[in-house]
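If you want the building blocks of each chain, they are given just below.
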Amino acid sequence: DKGNHRHFMAKEIEEQPEVIGHTLAEYVDFAEGTVRVPEKLPFDFAALDRITITACGTASYAGLTAKYWFERIARLPTEVDIASEFRYREAPLPKNGLAIVVSQSGETADTLAALRYCKQQGQHTLAIVNVPESTIARESEMVFRTYAGPEIGVASTKAFTCQLTALACLAILAGKLRGTLTLEQERELVSALIMAPRQMTEILKEEKHIADVAREIANARDVLFLGRGLNYPIALEGALKLKEISYIHAEGYAAGELKHGPIALIDENVPVIVIAPHDELYDKTISNMEEVAARGGKIVLLTDDHGMTDNEHKAFRSIRVPKAHPFVSPLLYAVPVQLLAYHAAVFIGTDVDQPRNLAKSVTVE
Ligand code: M6R
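Residues numbered from 1 in each chain as written. Predicted model: local features only at pLDDT ≥ 70, side-chain atom pairs only at ≥ 80, totals over all residues. Heavy atoms only, no water.

*Asks:* Can you walk me through the overall build of the protein chain in this structure?
*Replies:* The secondary structure content of the protein chain amounts to 13 helices and 12 strands. Taking 365 residues into account, the globule formula puts the C-alpha radius of gyration at 21 Å, and the protein chain, at 20 Å, falls close to it. Principal-axis analysis of the C-alpha atoms gives the protein chain an extent of 55 × 45 × 45 Å. For the protein chain, with 365 residues in total, the buried portion stands at 58%. Look at the contacts in the protein chain between residues 6 or more apart in sequence, and 76% of them connect residues 24 or more apart. Roughly 14800 Å² of accessible area belongs to the protein chain as shown, and the carbon and sulfur atoms make up 49% of that amount. Across the protein chain, 38 positive and 49 negative side-chain charges occur, with their mean positions spaced 1 Å apart. (Helix = DSSP H or I, 4+ residues; strand = E, 2+ residues; numbered from the N terminus. Rg over C-alpha atoms; globule rule 2.2 N^0.38 Å. Buried < 20%, exposed > 50% of the residue type's maximum accessible area, 1.4 Å probe, protein only. Contact = heavy atoms within 4.5 Å. Areas by Shrake-Rupley, 256 points an atom, 1.4 Å probe, with all protein chains shown as cover. Lys, Arg positive; Asp, Glu negative; His and termini not counted. Charge placed at Lys NZ, Arg CZ, Asp CG, Glu CD.)

Listed below in structure tokens is the structure:
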């Protein structure tokens, strides 16, 4: 049931603050301001040497975000690969390794094959899934469910941010059990997560403005998305979302990679969406943005109050995102990129919930 929404995708975008809250309720002890330690963990986080994350599409971008979290917070080397590549490359895996697979449906054929390979290789396995009775959930040693509820739109939205939420909690748990996080640091990260749903609601209030910006990019032939660090995966996700539902060609790049090739694409017809929260990488991202502006690129700047004050004047359009702890910024910046894609597609008139050539669950290899 779409309720009073035009599309399932719109409904699912709007549900995010609520379902993130449900997912947090599962993994966070609100009274203590800490993560919950599961009763039976089938492996010892402190003894792990490596995490290997595999997934497809949007789920793989949740996995890529988690790499930054696991490495930073838990000092755990983490590898991420798309399942269709990983499953065939016979990767050697360490003795004390944990394999994490991420899947909304829990039925994606390549992700399932990657999980089975990791099991054969003696890895501990953990699945982040939205459908608890799915094959991937059944075959994993441990399941971290996301509580997004049914996702009908082919373009994944709320499942993605719930995957991020579950992975963020898992990374904090890893840091806690490996002793790389103090109790104070743990509480700081958990409180940032607890604030995220409310901050997402604030972004949703900007929907009309974001729709206006989307209309301005809807005529473009190509769109680039740039981000760094935790928001590099969000740039990839923004580009995937835009291409899958609006059929506009879009690519996401790590902002620092631009000058190694893609900057050649820039002219006054190319909108460039720059994801730039005011964090430790902000200055670097802004200098990449200036390189784009100098070549006539149409900048759409996604930033917080600080970035607005400094740099709004350099952008063609801008979208304000609430100031948040850098740790949770991917959760927040996911929302405006979803809304940009959604409104561009609505403006163009494509079939948003059932884009051409795509299936909700890819059970073929
Ligand atoms: O069900 P899964 O999470 O395993 O699906 C993975 C991808 O097929 C999926 O995320 C796909 O990329 C979406 N259409 C993206 O919006």
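After that view of the structure, there is still more to cover.
*Asks:* Please clarify how the side chain of S60 should be interpreted in this entry.
*Replies:* Mapped onto the fold, S60 is located in helix α3 (residues 57-74). S60 sits in the buried class, given a relative accessible area of 6%. For S60, the residues in contact, after removing those within four places along its chain, are A55, V80 and I82.

*Asks:* Can you walk me through the site of the ligand in this structure?
*Replies:* Around the ligand there are 14 residues in total, and S103, Q104, S105, T108 and E244 lie nearest to it. Contacts to the ligand include S103, whose side-chain N or O atom sits 2.6 Å from an oxygen atom. Notes on the ligand: free accessible area 410 Å², of which the protein chains cover 91%. Those elements giving two or more residues to the shell around the ligand turn out to be α3 and α10 (232-246). (Near = heavy atom within 4 Å. Polar contact = N/O pair within 3.5 Å; in protein donor to acceptor, adjacent residues only side chain to side chain.)

*Asks:* What am I meant to see in the nonpolar core here?
*Replies:* Proteins that are soluble and globular tend to have nonpolar side chains buried together. Of all hydrophobic cores here, the largest spans 96 residues; its most connected members are W69, F70, I100, L167 and L170. Per-element accounting of this core gives the leading share, 13 residues, to helix α13 (residues 329-348). Membership of the second largest hydrophobic core comes to 17 residues, among which are A255, L258, A276 and L301. (Core = buried A, V, L, I, M, F, W, Y, C linked by side-chain atoms within 4.5 Å.)

*Asks:* Is there a simple way to think about the pairing of strand β6 (residues 124-129) in this case?
*Replies:* Burial within β6 is extensive, with 5 of its 6 residues counted as buried. Inspection of the sheet shows strand β5 (residues 97-103) paired to β6 by 6 bridges, in the parallel sense. Opposite L98, over in β6, you have H124 as the bridge partner. For the crossover that starts at β5, traverses helix α5 (residues 109-120) and ends in the parallel β6, the hand is right-handed. Bridge analysis of β6 against strand β7 (residues 142-145) gives 4 bridges, and the strand direction is parallel. Opposite I128, over in β7, you have F144 as the bridge partner. (Pairing = 2+ DSSP bridges. Right-handed = clockwise from strand over helix to strand, strands pointing away.)

*Asks:* Looking at this model, I keep getting lost on helix α11 (residues 282-294). Mind explaining?
*Replies:* Given 3.6 residues per helical turn, the α-helix brings residues three or four places apart onto the same face. Here α11 spans 18 Å end to end across 13 residues, near enough to the 18 Å set by a 1.5 Å rise per residue. Taken together, the buried positions of α11 are Y282, T285, I286, N288, M289 and V292. With its buried residues spanning 155° around the axis, α11 presents them on a single face. Facing away from the buried side of α11, by more than 90 degrees, are the exposed residues D283, K284 and A294. Remark: G296 follows α11 within two positions and exhibits a positive phi of approximately 85°. (Expected span 1.5 Å × (residues − 1). Arc of directions from axis to C-beta.)

*Asks:* For this particular structure, what's the right way to read the packing of α3 against α10?
*Replies:* A pair of packed helices is characterised by two quantities: the angle between their axes and the separation of those axes. Taken N-terminus to C-terminus, the directions of α3 and α10 make an angle of 170°; their axes are 8 Å apart at the nearest point. It follows that α3 is roughly antiparallel to α10 by the angle criterion. Of α10, the residues touching α3 (which contributes G57, T58, Y61, L64, T65 and Y68) are Y232, P233, L236, E237, L240 and K241. Its residues assigned to classes, the contact of α3 with α10 shows 7 nonpolar, 3 polar and 2 charged. (Axes fitted to C-alpha atoms, helices over the stretch in contact; angles between N-to-C directions. Parallel < 35°, antiparallel > 145°, perpendicular 65-115°, else oblique. Nonpolar A, V, L, I, M, F, W, Y, C, P; charged D, E, K, R; others polar.)

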